[in-house]
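In case you want the letters, here they are:
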Amino acid sequence: MAKAGSCLFQIGYFLYTRTRIGYYYHRRDIAKAQEKLGGGSHSELTLFSFGDLQILPIPMMMDNYAYLVTDTTSNTSVVVDPGHAEPVQLQLSERNIMPEAILITHKHWDHSGGNTDMQQHYPGIKIYGNVVDHVQNITNAVTDAEVLKFGGLKFQVMMTPGHTIGHVVYVLEGGSFGAPDCVFSGDLLFLSGCGRMFEGSSTVMLKSLDRICSLPDSCLIWPGHEYAKENLEFTCHLDTGNSTAKEKLEWVKSQREKKLCTCPSTLLEEKQYNPFIRTAEESIVRALGLVSDDSFKEPSDQQRACILEEIRERKDQFKYKL
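The following paragraphs examine the structure supplied in this document. Note that the structure is predicted; figures quoted are calculated from it, not measured.

Okay, unusual backbone geometry next. Between Cys263 and Pro264 the backbone carries a cis peptide bond, its omega angle lying at 0°. Assignment of secondary structure puts Pro264 in the loop between helix H8 (243-257) and strand S15 (265-266). Unusually for a residue other than glycine, Ser192 sits at a positive phi of about 60°. Its place among the elements puts Ser192 in the loop between strand S12 (189-190) and strand S13 (193-194). Classification of Ser192 as buried rests on a relative accessible area of 1%.

Moving on: the pairing of strand S9 (residues 153-159). In terms of burial, S9 is a largely internal element, 5 of the 7 residues being buried. Relative to S9, strand S8 (residues 147-150) runs antiparallel, the two sharing 4 bridges. Bridging from a neighbouring strand, Leu148 pairs with Phe155 of S9. Between the antiparallel neighbours S8 and S9 lie 2 residues, among them Gly151 with a positive phi of about 60°. Across 5 bridges, the pairing between S9 and strand S10 (residues 168-172) is antiparallel. Pairing of Gln156 across the sheet is with Val171, part of S10.

Right, let's talk about helix H3 (residues 85-94) for a bit. For H3, the full list of buried residues reads Ala85, Pro87, Val88, Gln89, Gln91 and Leu92. Downstream of H3 by a residue or two, Asn96 has a phi angle that is positive, lying close to 55°.

Time to look at helix H6 (residues 202-213). Given a rise of 1.5 Å per residue, 12 residues ought to cover 16 Å, and the 16 Å separating the end C-alpha atoms of H6 matches this to within 8%. Along H6, the positions that sit buried rather than exposed are Ser202, Met205, Leu206, Ser208, Leu209, Ile212 and Cys213. Projection of H6 onto a plane perpendicular to its axis shows the buried side chains occupying an angular sector of 165°, all on one side. Against S9, strand S11 (182-186), S12, S13, helix H9 (267-273) and helix H11 (301-318) lie the buried residues of H6.

It is worth spelling out the environment of Arg18 at this point. Within the element layout of this structure, Arg18 appears in helix H1 (residues 2-18). By relative accessible area, which is 38% here, Arg18 ends up partly exposed. Through-space distance from the C-alpha of Arg18 to that of Asp133 is 9.7 Å; in sequence the pair is 115 residues apart.

Basis of the calculations
- Residues numbered from 1 in each chain as written.
- Predicted model: local features only at pLDDT ≥ 70, side-chain atom pairs only at ≥ 80, totals over all residues.
- Heavy atoms only, no water.
- Helix = DSSP H or I, 4+ residues; strand = E, 2+ residues; numbered from the N terminus.
- Buried < 20%, exposed > 50% of the residue type's maximum accessible area, 1.4 Å probe, protein only.
- Pairing = 2+ DSSP bridges.
- Expected span 1.5 Å × (residues − 1).
- Arc of directions from axis to C-beta.
- Contact = heavy atoms within 4.5 Å.

The structure is reproduced here in structure tokens:
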């Protein structure tokens, strides 16, 4: 039965990600979100300014974020992951912005489903993504470590497979703005969470998480979803002695009561409470019941991959989120 169920999931997943059937369900999800939210959004708009750099998380659907990134000196803007074009176009129109490019982290419709509408609305706009991921409507294929420049905005592409086979993140150099570096992490890394491993093993996902953890601790994390409350509730359930996670959860609850976004976090913060990137830490290994005596030996990468898979399974059982 488990094998049959897995086979059915793979068929359904293929149809969702590689055919227009998936787009139909995506549009249905948008309609359901609009109905449930009464035509509003899941979060209030909050503009983050770092000198001449502006980042606007744009809430979409039930819990997604697209991002509008602007260099105000050159009046150059790019959009990251417009899964639903309408709220993005609304913000661009209100700010009288003509975007120069769209950056897509991966093929899932809630991140790329607005590409066609964006192309029709902004003829000639460039859409960047990984061809390995079969992203819809891309005009420019990206490669690992490639640098993309738009005005004063400089993004480095980082290949991070696991959630999908061709998932990428975009690392924005912040130094020229007097700001920290920023990583638009799609569904790789969330506040106290990570994405499900739909198209990669835990070993593949671990390498991707390790790559993002090699960035400066000051790096700001801008995730693709508003998952902070659910993720931190799981973290506090798993890692019961983590006072930093408990404090962050209380802050997140306060934010969400006011419908305020919880991003960005910093990589340093994530290293203090995110269990998915703490697979080598004794407190996490003991919380999983994998150490039964007083001795503790730092796990190998192979063991860490097993630990990552165990954490992911427990998270899904606790409360399903991507």
